[in-house]
Amino acid sequence: MWRTQLLLRPVAFGANRRYTTSALTKTQVQACIRRLPHYHHQEQQAAAVAAVISRRSLATIQPDRQDQAQAAETAPEALADNIRDFLMSTRQRPRAGLKPDELLVKCPECSPGKPRRLAYSAHLSTHTGDFVCTSCFAQGSWDKYRELATRRPFQNSIPRTARMAEQEPFEIDDEALAQLQHNLREHEAAWQALTGQGDGQLRLAPEVLAQYGVGLGFVDCAVPEIVDMRALASGSSSPSAVPCLVFPRTAFRTNSFIGAASSGVCTVQVKAVGFQAGDVQAKPGDVQMYYPADDAQPGLFGFHVAAGAQAGDVVLTGRELDALAVFQATGIPAVSLPRGAYQLPLDAMRALERFERVYVWLDDDHQGTEAARLIARKLGVDRCLVVGPQAGGDGARSAGDALARGLNLAALLDAAQPLQHDKVLAFAALRDAVKFEVTNPELIRGVPSTDLPGWNACFKGLRPGELTILSGATGCGKTTVASQLSLDFCRSGVSTLWGSFEIPNVRLATRMMSQFARRDISQAPSEIDYWARKFEQLPMYFLKFHGSTRPDTVLETMRHAVYAYDVKHIVIDNLQFMMSMQAKGIDKYDAQDAAIATFRQFATDENVHITVVAHLRKDGQPQSGAAAADADINSIFGSAKVTQEADNVVILQRHGNAATDNKIRRLSVLKNRFDGTLGKVFISYSTESLTFHEIPPPRQRKSVKVVKAVSGKLTKADRQMAESMAAEHGFDDDMFEQSQSQSQSQAQSVSQDAADKNIKEI
């Protein structure tokens, strides 16, 4: 028996209220909760639970209306003073969020130990005191925040004598922004490409460019990052300086709640994208920099236009130029995704909460369609409309392309459809997708690899919704191949989550940085900061697990990463280390089968690609220095379910003799559910770049044929010596047949001479 205490947090009260019921068993409470309908407010749910349990009327346990009115008047002011005093006492530097009544503060759960620029991940409401962290998903009331922050003190970097009002937030100078806009109007090629009415020109109105604050600056490609706004606006005399379109990102100023002199919207970051004459669309190889380099305060392109609009609609696009085109053609405020064309961080989601309807308009291709569905689920399918493939076969890839072609963007926006239920489909819903797949086979192959072209010849690319098993003998380089391929896809914009249960994350990240730099960075310590800044811009994330871990815990973290960071590729290295000590005896095979089935279902439901690294059976691995035997699909450790659930099965093996061909490997594709293409890819390891590179197939070395001697069979020692010499010198069958023919001729000659000698003696 235990006494049930129901805690709730009434929004109007600003304080906790406790309802205590009579002594009940735990089973009775759980049964009552399951019978209750869903209540929007926690106070209603708590009161309903208490009423059901105690069989009393709701009126007997609801707070008095007069007390409720008095608390509603005094709580906001008292709560505001409490929040302000506590933030000052902990010496925090709160920043403005993307909502008027919201502050970015340090998270009491995950901020201790983080760098300062990553610590402010909790969104605190100045009206209710509720907080939620977009990094670890911790949430609760103001009382919970104070309790956790007191229990785990922050690492303060602000002097105790400084007050919050004296800590001015970062803000880009308006004069520099005006100079950037002036540069755009004076640059004839860029201005004509944006505002011209000819073929290949975007046909944007000058007033729209001015309203969104688009400008033009000059970036020195020899410098790894933008260090000064004045240098960006005034240009550089360096020969490596290139013109770039500059897109400002805006957000709320630190509001008057914490003592700022002014409120409103300001520019907190700018994005510079390389401009080429006749082509203003950004490409993967173009210059793309940010100032400041880190997202100290979240901002969105077009946020100041959407924040000042009274309408309840907004359009979410993948690029800045698409947002300009939509706003010009429809008059609806449009914002662009801050981190690439297919990622929606949680900070940006909070800026879109006040809009009743969100149009999601991304690129008209397979990857854009899948990303639009994922973003619509994150924002809520009940208020999102997805702009689908363009009708009529006009070939417009994006909103900016549609405006340049003279299409009616308002009609395309009106044709947007909500997402249907995932589990029920009619052929009418599949017809367009089937037609697209048949007519555009090259677009559904997935993201290709740039490092290993032979990989593309077999698999065609990395596709979402698939499970790949990468296996091989111990020490053959499975982790190296997996990290190189994942880094290759990550450079192409695929957000990747690495789960290394065998190698610590620090060592893995060091190896991946060397692969990214194409050289061993431990030999060049002066370049570590440069490559670290470059590597930090990649959408690469790591699981904080090591050794034996329950699959349910890993799955929960994976689901959070997919939701928060739009992860599309997950690497699990490796399956045996993750499942170690989870079960013993024959039960370990059942546990491994359950984990594989869980990953298979997760890849399908979340539409992500999962790569699982697995070991071969120990009895099938070659001994040190011996020739590698061909492993097949049945050589992978575990039951047959591991390979049955997988869409792709790849085995990494050493080629030839391990003593002579230590650097040569071959990737054997044994299963490919996409189109059935199988084959082998030969690769060689480079100790300088710590990567594998593809090589032509080496000459086939067949089995050795031992030639018999004239006097009889070879001894065991002679046979071993012959095999060793054949393996060392690369003898093949033709050479042995020639050697055998010569030996037989010599034997016949010797025999004939002996016979002639005997005849003479007789």
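Given the structure is predicted, the values throughout are model-derived calculations rather than measurements. (Residues numbered from 1 in each chain as written. Predicted model: local features only at pLDDT ≥ 70, side-chain atom pairs only at ≥ 80, totals over all residues. Heavy atoms only, no water.)

Q: Sorry, what's going on with the overall build of the chain here?
A: Counting secondary structure elements, the chain contains 26 helices and 24 strands. Within the chain, the proportion of its 762 residues that are buried is 46%. Long-range contacts, defined here as pairs at least 24 residues apart, represent 66% of the contacts in the chain between residues at least 6 apart. Split by element, the accessible area of the chain, about 38,500 Å² in all, is 51% carbon and sulfur. (Helix = DSSP H or I, 4+ residues; strand = E, 2+ residues; numbered from the N terminus. Buried < 20%, exposed > 50% of the residue type's maximum accessible area, 1.4 Å probe, protein only. Contact = heavy atoms within 4.5 Å. Areas by Shrake-Rupley, 256 points an atom, 1.4 Å probe, with all protein chains shown as cover.)

Q: Can you walk me through the sheet that holds strand β13 (residues 334-336) in this structure?
A: Consider a sheet: its strands pair through backbone hydrogen bonds, and that pairing is either parallel or antiparallel. Pairing within the open sheet is parallel, and its four strands lie in the order β13-β12-β14-β15. Edge positions in the sheet fall to β13 and β15 (384-386), since each has one partner strand and no second. Strand-to-strand, the axes of this sheet are offset by a mean angle of 25°, without reference to chain direction. As paired elements, strand β14 (residues 357-361) and β15 share three bridges and run parallel to each other. Each bridged residue has a counterpart across the sheet, and for Val358 the counterpart in β15 is Cys384. Lying over the sheet, helix α11 (residues 320-330) contacts β12 (313-317), β13 and β14, oriented at roughly 175° with respect to β13. (Pairing = 2+ DSSP bridges. Axes fitted to C-alpha atoms, helices over the stretch in contact; angles between N-to-C directions.)

Q: When you look at a nonpolar patch on the surface in this model, what are you seeing that I'm missing?
A: Together, Leu425, Phe427, Leu430, Val434 and Val438 make up an exposed nonpolar region whose accessible area comes to about 490 Å². Tracing the chain through its elements places Val434 in helix α16 (residues 427-439). Its relative accessible area of 39% is what places Val434 among the partly exposed residues. (Patch = residues over 30% accessible without salt bridge, like charges linked within 9 Å, V, L, I, M, F, W, Y side chains within 5 Å. Salt bridge = Lys/Arg side-chain N within 4 Å of Asp/Glu carboxyl O.)

Q: Is there a simple way to think about helix α19 (residues 505-517) in this case?
A: An α-helix turns once every 3.6 residues. As a result, residues three or four positions apart point the same way. Taking 1.5 Å of rise per residue, the 13 residues of α19 would be expected to cover 18 Å, and the 18 Å separating its terminal C-alpha atoms lies within 8% of that figure. The set of residues buried in α19 consists of Leu508, Ala509, Met512, Met513, Ser514, Gln515, Phe516 and Ala517. One or two positions beyond α19, positive phi appears at Arg518, with a value near 65°. (Expected span 1.5 Å × (residues − 1).)

Q: What should I look at first to understand unusual backbone geometry in this one?
A: A negative phi angle characterises most non-glycine residues, just as the trans form characterises most peptide bonds. The step from Tyr291 to Pro292 runs through a cis peptide bond, and the omega angle for that step is -10°. With respect to the helices and strands, the residue Pro292 is situated in the loop between β11 (288-291) and α10 (303-308). With an omega dihedral of -5°, the bond running from Asp573 to Asn574 counts as a cis peptide bond. Counting through the fold element by element, Asn574 comes out in the loop between β19 (569-573) and α22 (575-579). Even without being a glycine, Arg203 presents a positive backbone phi close to 65°. As for its placement among the helices and strands, Arg203 is situated in the loop between α7 (188-195) and α8 (206-212). A positive phi angle, near 65°, is found at Arg518, a position not held by glycine. Look at Arg518 and you get partly exposed, because its relative accessible area is 37%.

Q: Sorry if this is basic, but what is going on with helix α23 (residues 587-606) here?
A: Taking 1.5 Å of rise per residue, the 20 residues of α23 would be expected to cover 28 Å, and the 28 Å separating its terminal C-alpha atoms lies within 8% of that figure. Taken as a whole, α23 has its buried residues at Gln592, Asp593, Ala595, Ile596, Phe599, Arg600, Phe602 and Ala603. Tucked into the core, α23 has its buried residues touching β16 (467-472), α21 (551-565), β19, α22, β20 (609-615) and α24 (641-645). Count one or two residues on from α23 and you reach Asn607, which has phi positive near 55°.

Q: It is not clear to me how the packing of aromatic side chains should be interpreted in this structure. Could you clarify?
A: Geometrically, a pair of aromatic rings is defined through the distance of the ring centres and the angle of the planes. Counted under the stated rule, the structure contains 15 aromatic pairs. When the centroid spacing of 5.1 Å and the interplanar angle of 75° are considered together, the rings of Tyr530 and Trp531 count as edge-to-face. An aromatic cluster is built from Phe86, Phe131, Trp142 and Tyr145, whose rings are joined through pairwise contacts. A cation over an aromatic ring shows up here: Lys378 above the ring of Tyr563, its NZ or CZ 5.5 Å from the ring centre. (Phe/Tyr/Trp six-rings, centres within 6.5 Å; stacked < 30°, edge-to-face > 60°. Lys NZ or Arg CZ within 6 Å of the ring centre and 35° of its normal.)

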